[in-house]
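Inside the fold
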Amino acid sequence: MGKALKASLVAIACLLVAACAGSRDDGVIVIKFPHVVAPTTPKGRGAERLKQLVEQRLPGRVRMEVYPSGQLMNDDDSMEALAFGEVQMIAASLSKFDRLTKRFKVFDLPFMFPDIESVTRFQQSPEGRSLLGALADKGFLGLAFWHNGMKQFGAPRALRRPEDAAGLKFRIMESDVLQEQMRQIGGNAQKMDFGEVYQALQTGAIDAQENTWSNIYSQKFFEVQDYLMETNHGYIGYLLAVNPDFWNGLPAGIRAELEQIVDQVTREVNGESSAINAEARRKIIDSGASTLVELTPEELESWRAAMLPVWQQFEDQIGPDIVQAAQAAGSPETIASPDSSR
Ligand code: LMR
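First, a word on what this report is: a plain description of the structure on this page. Bear in mind the structure is a predicted one, so any value in this text is a computation, not a measurement. (Residues numbered from 1 in each chain as written. Predicted model: local features only at pLDDT ≥ 70, side-chain atom pairs only at ≥ 80, totals over all residues. Heavy atoms only, no water.)

So, on to helix α6 (residues 176-184). What α6 keeps buried is the set Val177, Leu178, Glu180, Gln181 and Met182. In this structure, the buried residues of α6 make contact with β6 (152-155), β7 (169-172), β8 (188-191), β9 (208-211), α11 (297-307) and α12 (309-318). Two to three positions downstream of the cap, the backbone nitrogen of valine 177 sits 3.3 Å from a side-chain oxygen, assigning the N-cap of α6 to serine 175. Immediately beyond the C-terminal end of α6, within one or two residues, lies glycine 186, with a positive phi of roughly 80°. (Buried < 20%, exposed > 50% of the residue type's maximum accessible area, 1.4 Å probe, protein only. Helix = DSSP H or I, 4+ residues; strand = E, 2+ residues; numbered from the N terminus. Contact = heavy atoms within 4.5 Å. Polar contact = N/O pair within 3.5 Å; in protein donor to acceptor, adjacent residues only side chain to side chain.)

Before going further, it helps to spend a moment on unusual backbone geometry. One non-glycine residue, phenylalanine 111, lies in positive phi territory at about 60°. With a phi close to 45°, asparagine 232 is a non-glycine residue in the positive phi region. Residue class for asparagine 232 comes out partly exposed when judged on its relative accessible area of 30%.

Under the criterion given, the structure shown has 19 salt bridges. Across the pair lysine 105 and aspartate 98 runs a salt bridge whose closest N-O atoms are separated by 2.9 Å. Among the residues examined, lysine 105 registers a relative accessible area of 4% and is labelled buried. Across the pair arginine 304 and glutamate 301 runs a salt bridge whose closest N-O atoms are separated by 3.1 Å. Of this pair, arginine 304 and glutamate 301 both sit in helix α11, 3 residues apart, roughly one helical turn. In the salt-bridge network here, residues are joined through shared partners; they are Glu279, Arg282, Lys283 and Asp286. (Salt bridge = Lys/Arg side-chain N within 4 Å of Asp/Glu carboxyl O.)

Looking now at the site of the ligand. Taken together, Val36, Val37, Lys43, Ser93, Lys96, Arg171, Met173, Phe194, Asn211, Asn215 and Tyr238 make up the full set of residues near the ligand. One nitrogen or oxygen atom from the side chain of lysine 96 is found 2.7 Å from an oxygen atom belonging to the ligand. Interatomic distance of 2.8 Å between a side-chain N/O atom of arginine 171 and an oxygen atom of the ligand. A total of 270 Å² of accessible area belongs to the ligand in isolation, and the protein chains cover 100% of it. Residues of the shell around the ligand, tallied by class, amount to 5 nonpolar, 3 polar and 3 charged. (Near = heavy atom within 4 Å. Areas by Shrake-Rupley, 256 points an atom, 1.4 Å probe, with all protein chains shown as cover. Nonpolar A, V, L, I, M, F, W, Y, C, P; charged D, E, K, R; others polar.)

Here is the structure:
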């Protein structure tokens, strides 16, 4: 190869790496992190904490720019922007990776996880950990799982049993499992951006929705929903992801420091997510704007029974090993096992 050609190829490669490695002005690596929720939620706080620690530990070398509340873009756009190197970090909800991997569908299976601790156990199991890298060849390198919390239903009437949901229009995230879940309870599912939900509820374009207490509170869904049902029927959590080319192109020392920061913040986010959701729940009750419906064990069982056929439909696609590991993480025997603190 001629010297001139080689030099220009190297120059092009350098340009590409620079584009992938975050915009650098004055040698500072910029990490843009857009997300759609409020800064007060588990993810919102985690993103701010990352920024704070990056400022403290990598001053003048890395700058994080956090764009909360869908200010910069919605989740769909942020996933595309990450692939193109326009942003460097995202934390979209696991449900939104539905079209990229069938394996993440396990997180949407209704009543799969009895509580957040079960989700943690699954995410820390070998099968759960394997999911972090499941999308690396599609341009998303998972650094960590972040919790939000368990989902509750909001509706214009009290839903004590699945039959009460018949005919209601439910907003769901982009997920075929959730679509099927709503079909099983006789609801009409409508996939919709998070940023459009409040207005859709207010104008009656949709009747109902499912989300965590922290999202229901911070998005003010409770102000436009007469009843909130405490079902804990599903999970919302996130894949904290970076573009693999960006990440692997970082100077090794900087990457190692960022990895430590991510580990610390992940422990903080996952340690405080339940308290943040409990606080949001309390504030909603105190507001008196919406009636909290607590279900009896027998009523909850009727929801579980109605939604359970969804599992059979998706188990093969997800992979029985993944489904079994998730199930084991929630079973009492696993809780009692000496291994459960992993
Ligand atoms: C939703 O769309 O309801 C959630 O994914 C929002 C979020 O990021 O928690």
